[in-house]
Amino acid sequence: LKANERARYDELAVFPEDVNIPLSTLGKFWASTGSTNGFDAEFDTEELCTRLNRLSLLHTFDARARHIRLHDVVRHYLMHDQCDRLPALHKQFLDAHRPSSSSLDSHFSPWSALPEDDPYFWDHLAVHLIQSGLGSELVVTVTDWRYLTQKILLRKTHSVESDLLKAT
């Protein structure tokens, strides 16, 4: 891999095991971290995932469903290799996806404005907040009635309970 491709690949360490990672989620992240070398999210994400898949560095790449999945062993390697950078990578990942809070009252979590059609974040936000060292932001998020209401509607009560347990 070229240096910029390897940098994007290393960033996959932030994703949990056994999860389909949408190309749109990945592209937004890579666009923010790869912006210094002209990374074009839509085109370059799919192209890089195709290349990674050809090199057997991904468990799956489904261009039609528009997601990838990591090999568990490769993911563990990436986590070990990036262990010193993981909190910062999680924070960069969150910052790339953080909804604009300009229209929100400061007492509410910006995460209550997540788009309904972003299942990855509705399912995994708590993990990324914890891994980035933003546990206090998770507490604010899970005590925001707007976030809780939306999450219950979209993901059911079990996922809200899981977030609440992670926040304790």
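Summarised in this report is the structure supplied together with it. (Residues numbered from 1 in each chain as written. Predicted model: local features only at pLDDT ≥ 70, side-chain atom pairs only at ≥ 80, totals over all residues. Heavy atoms only, no water.)

### Some details on the packing of helix H2 (residues 23-33) against helix H5 (residues 86-97)
Look at H2 against H5: their axes get within 9 Å of each other, and the N-to-C directions meet at 110 degrees. In this view, H2 runs roughly perpendicular relative to H5, as classed from their interaxial angle. Residues Thr25, Lys28, Phe29, Ser32 and Thr33 of H2 form the contact with H5, whose participating residues are Leu89, Gln92, Phe93, Ala96 and His97. Classifying every residue of the contact of H2 with H5 gives four nonpolar, five polar and one charged. (Axes fitted to C-alpha atoms, helices over the stretch in contact; angles between N-to-C directions. Helix = DSSP H or I, 4+ residues; strand = E, 2+ residues; numbered from the N terminus. Parallel < 35°, antiparallel > 145°, perpendicular 65-115°, else oblique. Contact = heavy atoms within 4.5 Å. Nonpolar A, V, L, I, M, F, W, Y, C, P; charged D, E, K, R; others polar.)

### Focus on the pattern of salt bridges
Overall, the coordinates contain 12 salt bridges when judged by the stated rule. Residues Arg66 and Glu46 are paired through a salt bridge, measuring 2.7 Å at the closest nitrogen-oxygen approach. Residue Arg66 is found in the loop between strand E2 (60-62) and strand E3 (67-69), and its partner Glu46 is found in helix H3 (residues 41-54); the two are separated by 20 residues along the sequence. Accessibility expressed as a relative area gives 35% for Arg66, which makes it partly exposed. With its nearest N and O atoms 2.6 Å apart, the salt bridge here joins Asp163 to Lys151. Of this pair, Asp163 sits in helix H9 (residues 157-167) while Lys151 sits in helix H8 (residues 145-155); the two residues are 12 residues apart in sequence, bridging distant segments of the chain. Of the two residues, Asp163 and Lys151, both sit in the buried class. By sharing partners, the salt bridges in this structure join Lys91, Asp95, Arg98 and Glu137 into a single network. (Salt bridge = Lys/Arg side-chain N within 4 Å of Asp/Glu carboxyl O. Buried < 20%, exposed > 50% of the residue type's maximum accessible area, 1.4 Å probe, protein only.)

### A closer look at the nonpolar core
Leu12, Phe15 and Ile68 are the most contacted members of the largest nonpolar core, which has 36 residues in total. Listing elements by their share of this core, those giving two or more residues are H2, H3, helix H4 (72-81), H5, helix H6 (119-131) and helix H7 (135-142). With six residues, the single largest contributor to this core is H6. Not counting residues within four places of it along the chain, the set of residues in contact with Ile68 comprises Leu12, Val19, Asn20, Ile21, Leu23, Leu26, Cys49, Leu58, Thr60 and Phe61. (Core = buried A, V, L, I, M, F, W, Y, C linked by side-chain atoms within 4.5 Å.)

### What about the side chain of Arg75?
Within the secondary structure, Arg75 is located in helix H4. When its relative accessible area of 11% is taken as the criterion, Arg75 is described as buried. Reaching out from Arg75, the side chain makes a polar contact with the backbone oxygen of Phe15 at a distance of 2.5 Å. Those residues in contact with Arg75 that sit more than four places away from it in its chain are Phe15, Pro16, Glu17 and Leu70. (Polar contact = N/O pair within 3.5 Å; in protein donor to acceptor, adjacent residues only side chain to side chain.)

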